[in-house]
Amino acid sequence: MTDKNTSYSAAGEVGSVRMRRTRLQRTWVELKKAPPTAIIGLVVIVFYIVLALFAPLIAPYGEAEVLPNPYAPWSSDHWLGTDQIGRDLLSRLIYGARNTIGIAFLTTLLAFLIGGALGLVAAINRSWLDQLLSRGVDVLMAIPSLIFALMLLSIVGPSAGSLIIIIAVLDSTRVFRVTRAVAINVAVMEYVEAAVLRGEGLGWIMRREILPNIMPPLVAEFGLRFCFVFLTIAALSFLGVGIQPPTADWGTMVRETANLIQFAKFDLRAGVTPLLPAGAIALLTVAVNFVVDWFLHKTSGIRDEQ
């Protein structure tokens, strides 16, 4: 009996290994078919993720380490110079990837947890709860999100926690509308009605019947929503109510080095300095959009022209 159990477990492990290999092979085949824009987007995203994960190992100086020479020019010691108090700009640019991208990802994830869950509940429970949630979302969406976020952050004070919660709640309204719209079409299917008649709970129906069938548009929306959240956080930091010093952030870096643009006619490299964090923001946004466009094309069922 023990030998049979051992053989069954060994066969199961071999089967799981084969399945993983098959998935990897399919993924590789899909990547080889991807357009150049998607490949460029994936390379840029992976590069940013590596910077964010290994920032302490890659950065030549500390995130908030103050060096003797403020506004030092580009050199072998400081490849991008230093800022107004002597912090190495290359190091802060690298650490900014961890802080800006990390906070934007957590904010987007929280927005999807809130908006996605409420959108699924509203799509399944088409009663007064659906009307209540929909009208509440309409009220929040009628207020410009950036102005509303500025007001709330001015009241509660700027911090990473309050920034994540406020932007996530405001952005969850968009996620709610998208999730509800795509989930309604699935909630009226016969297999969902059969699950309701079997007495399955709301959570089970959401996880097992509806969510797997609406994942492609939600994944694409996650990428687009990440871009909007990313830009919102950078804008708030530029205005001084986002990520606070000494934490490195690309929006804050643009604001702190913006006055160097007027010295471009004397030192071109100094004038380019504020454009570096701005370019990092723009490059990631474009890369994510490239990947999202490719993913939407692959999940739409439209075949490539031969």
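In this numbering scheme, every chain counts its residues from 1 along its sequence in written order. Reporting of local features is limited, given that this is a predicted model, to residues whose pLDDT is at least 70; pairs of side-chain atoms are given and counted only at 80 or more, and all residues count toward the totals for whole chains, interfaces and linings. Excluding hydrogens and water, the side-chain figures rest on all heavy atoms present in the structure.

Bringing the overall build of the protein chain into the picture now. If you tally the helices and strands in the protein chain, you get 13 helices and zero strands. For the protein chain, buried positions account for 38% of its 306 residues. Whether two residues are in contact is decided by their heavy atoms: any pair within 4.5 Å suffices. Within the protein chain, residue pairs in contact and separated by at least 24 positions form 69% of the contacts whose partners lie at least 6 positions apart. Each accessible area value is a Shrake-Rupley result obtained with a 1.4 Å probe; residue values ignore everything except the protein chains displayed when judging cover. Here the protein chain displays about 17,200 Å² of accessible surface, and carbon together with sulfur accounts for 67% of that area. Helix numbers and strand numbers start at the N terminus; a helix is a DSSP run of H or I with at least 4 residues, a strand a run of E with at least 2. Three exposure classes are used, based on accessible area relative to the maximum for each residue type with a 1.4 Å probe and protein chains only: buried under 20%, partly exposed in between, and exposed over 50%.

Further remarks concern the pattern of salt bridges. We count a salt bridge whenever a side-chain nitrogen from Lys or Arg sits within 4 Å of a carboxyl oxygen from Asp or Glu. Applying the stated criterion across every chain, the model contains seven salt bridges. For the salt bridge of D171 with R225, the shortest nitrogen-to-oxygen distance reads 3.5 Å. Of the two residues, D171 is situated in helix α7 (residues 160-187) and R225 in helix α10 (residues 215-238); the sequence distance between them amounts to 54 residues. Here the two residues D171 and R225 agree in accessibility, since each one is buried. Residues joined by salt bridges that share partners form a network here, namely D83, R87 and E256.

This part is about the layout of surface pockets. Grid points spaced at 1 Å and placed over the protein atoms alone form the basis of the search, with a cavity being a set where a 1.4 Å probe fits but cannot get out and a pocket an open set showing protein on both sides within 12 Å along at least five of seven lines. Lining residues have an atom within 4 Å of a point. Grid points are joined across faces, edges and corners, and a volume is the space filled by probe spheres set on the points. Computed from the structure, the largest pocket encloses a volume of approximately 760 Å³. The wall of the largest pocket is formed by 29 residues, among which F105, V219, F222, G223 and F226 lie closest to the centre. It is helix α4 (residues 89-124) that provides the largest number of residues to the lining of the largest pocket, a total of nine residues. Residue polarity follows a fixed list, in which Ala, Val, Leu, Ile, Met, Phe, Trp, Tyr, Cys and Pro are nonpolar, Asp, Glu, Lys and Arg are charged, and the others, Gly among them, are polar. Looking at the lining of the largest pocket residue by residue, the class counts come to 24 nonpolar, four polar and one charged. Mapped by element, the contributors of at least two residues to the lining of the second largest pocket are α2 (36-53), α4 and α13 (275-299). No other element matches α13, which puts four residues into the lining of the second largest pocket.

To continue, consider empty space enclosed by the protein. Following the criterion strictly, the structure yields one cavity of 30 Å³ or more and no others. Empty space within the largest cavity amounts to approximately 50 Å³. L80, L89, L93, M253, T257, T273, L276 and P277 are the residues that line the largest cavity. Breaking the lining of the largest cavity down by element, the ones donating at least two residues are α4, α11 (250-257) and α13. For the lining of the largest cavity, the class distribution of residues is six nonpolar, two polar and no charged.

A few words on the nonpolar core. Throughout this description, the term nonpolar core refers to a set of buried Ala, Val, Leu, Ile, Met, Phe, Trp, Tyr and Cys residues connected via side-chain atoms within 4.5 Å. The biggest cluster of nonpolar side chains holds 42 residues, and the ones touching the most others in it are I101, L163, F230, I233 and W250. Here this core takes nine residues from α4, the largest share from any one element. In contact with I233, other than residues within four places in its own chain, are I103, A104, T107, L163, I167 and I243. In this structure, L120, A183, I184 and I210 belong to the second largest nonpolar core, which totals 14 residues.

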